[in-house]
Amino acid sequence: MLGAMDPTVVSAAGARRFLVRRHMLAPARAQTAGLDGVRAVFDRLGSIQFDPLAVAGRNHDLVLHARVRDYDPAWTNELLYGSRELFETYNKMLSILPSSELPWHRHTWARFGRIHKDDAFVRHREAMEHVLERIRVEGPLTSLDFERKGKVSWYWGPTTEVRASLEALWEAGVVSLDRREGNRRYFDLTERVFPAELLGDERPEREQLRHKMLSRYRAHGLLGAGGESALWYGLGPASRLRPKDPPGTPTRTELREELLAKGALQPVEVEGLRGPRFVLDEEVEQFRAAADGEPLGDPSVVFLAPLDPLVWDRDLLRNLFDFDYVWEVYVPRSKRRWGYYVLPLLWGDRLVGRIEPRIDREAGTIRVLGLWWQEGFSPRREPGFVEAMRRALADYAAFSGATRIDWGGSSAARRLFGVRPKPT
């Protein structure tokens, strides 16, 4: 069911303009510097994936750097661990969300609680009681604050019993993240991390799942009904229950139909793409305006994070942007087409290439291990591109704390884009 009215239809070019604008990338790095700029991005996208790898900058920092002027990771840390306006939970994998969203994501705690109830909570009962008592008395602790003994099998492989216990308690919401120091996590009792009124706001599970599905459409802006499974992590089966699903579990199809019936989502179509897409109700007029062909203005060069919401839907990238992107960090070296941590290059409303940077903080250097252009794209022949690329590199250097770019053996890139960008 798609509603009584025919869905809005726009061209592929219009859909690209719509996505780039609503993702705050036209122009890029233009949101107000400081905490308010970070808040503005979360107001728009709602949820940003967290990944601890920092070889080119952590994923959420790259997402925010692409949108916030002079972005400093300390701003997000302040909102996470200072004012606690943001928190970490599993949404589309591990994500950062506004803390005000917690009542609609407690389903995650409940789900893990059911998983661990007759398993980890039984097998590691004594270790968990010990961990909780020490945290209760001493305050926030990390796994290193406990004796390192008792290896157990866990999701990712062998680990200490204390670390497994902390993980299970965090997943079930018994403890919560107090702070990170690097990637070292400190945990405290959940009731000491979040205010009582927020924890007391409990929503029906189906409402939570509906909200969780809406968050995927909110973050991306133009998802369809299908796509790779990672898009719908934690949202249950697509259209029919599986043996492992509890009776009464709503399917994703049912949740989507409920969002359509409530008017939270509206169906749209993009010329050349099969099947309907869906946009937030409040963004329908913005989507229609994209069909008018209003230019983006002076285009920007953007280094997109590998898990940036704009690149979540790999099928859409291929069909709408003519760009085939696979994050090859988990692909064996011998099978990689490009590199370990490669970032797509956005130019205006086109994806024109890839770059593989490494941040060497001790040397104050960005090492570019690879730079690849899409077939038919020539940086020299594209008006304004070289200067825009230089600006993007200078901004990235400032974000990275680097004063030098090492292009390795690429003398052509060194001559074209320079080697010593001055941080802005």
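Chains are numbered independently. Their residues run from 1 in the order of the written sequence. Totals for whole chains, interfaces and linings use every residue, but because this is a predicted model, local features are given only for residues with pLDDT of at least 70 and side-chain atom pairs only at 80 or more, for both listing and counting. As a convention, hydrogens and water are excluded, and side-chain values are obtained from all of the structure's heavy atoms.

Examining the nonpolar core
In this structure, L25, V301, F303, M389 and F417 are the most contacted members of the largest nonpolar core, which totals 100 residues. Considering every element that reaches this core, the biggest residue donor is helix α15 (residues 385-400), with 9 residues. In this description, contact between two residues means that some pair of their heavy atoms is separated by no more than 4.5 Å. Beyond its immediate stretch of four places on either side in the chain, V301 contacts R29, L345, L346, W347, F385, A388, M389 and A392. Nine residue types can take part in a nonpolar core, namely buried Ala, Val, Leu, Ile, Met, Phe, Trp, Tyr and Cys, and a core is a set of them joined through side-chain atoms within 4.5 Å. Partly exposed describes any residue whose relative accessible area lies between the buried limit of under 20% and the exposed limit of over 50%, with all areas from a 1.4 Å probe on protein chains only and scaled to the type maximum. The next biggest cluster of nonpolar side chains, apart from the first, holds 15 residues, and it includes L209, M213, L259 and L260. Counting from the N terminus, the helices are the DSSP runs of H or I reaching at least four residues and the strands are the DSSP runs of E reaching at least two.

Some remarks on the sheet that holds strand β1 (residues 8-10)
Two strands in a sheet stick together by hydrogen bonds in their backbones, pointing the same way (parallel) or opposite ways (antiparallel). Here, any two strands with at least 2 DSSP bridges between them count as paired. Read from one edge to the other, the open sheet built from 3 strands follows the order β1-β9-β10, with strand pairing classed as mixed. Each edge of the sheet is formed by a strand with only one pairing partner; in this case those strands are β1 and β10 (277-280). Taking the axes of each pair of neighbouring strands and ignoring which way they run, one obtains an average angle of 40° across the sheet. As paired elements, β1 and strand β9 (residues 265-270) share 3 bridges and run parallel to each other. Looking across to β9, one finds that T8 is bridged to V268. Angular values range over 0 to 180 degrees, each being the angle between N-to-C directions of two axes fitted as lines to C-alpha atoms, with helices fitted over their stretch in contact. Across the face of the sheet, helix α12 (residues 252-261) comes into contact with β9 and β10 while running at roughly 100° to β9.

Section: the packing of aromatic side chains
Only Phe, Tyr and Trp rings take part, Trp by its six-membered ring, and two of them pair if their centres are within 6.5 Å. Stacked means planes under 30 degrees apart, edge-to-face means over 60, and tilted covers everything else. The final tally for this structure, using the stated rule, is 22 aromatic pairs. Plain terms: the ring middles of Y90 and Y233 are 6.4 Å apart, the flat faces sit at 55° to each other, and that makes the pair tilted. Of this pair, Y90 sits in strand β3 (residues 86-91) while Y233 is found in the loop between α11 (205-220) and α12, placing the two residues 143 residues apart along the sequence. For Y233, a relative accessible area of 26% translates into the label partly exposed.

Details of the side chain of H124
You can see H124 is positioned in the loop between α6 (120-123) and α7 (125-138). Judged by relative accessible area, H124 falls into the buried class, the value being 4%. Any N or O atom pair separated by 3.5 Å or less is treated as a polar contact, with the protein-specific requirement of one donor-capable and one acceptor-capable atom, and with residues adjacent in sequence counted only for side-chain atom pairs. In this structure the side chain of H124 is engaged in a polar contact, spanning 3.3 Å, whose partner is the side chain of R123. Aside from chain neighbours lying at most four places away, what touches H124 is V152, E161 and S165.

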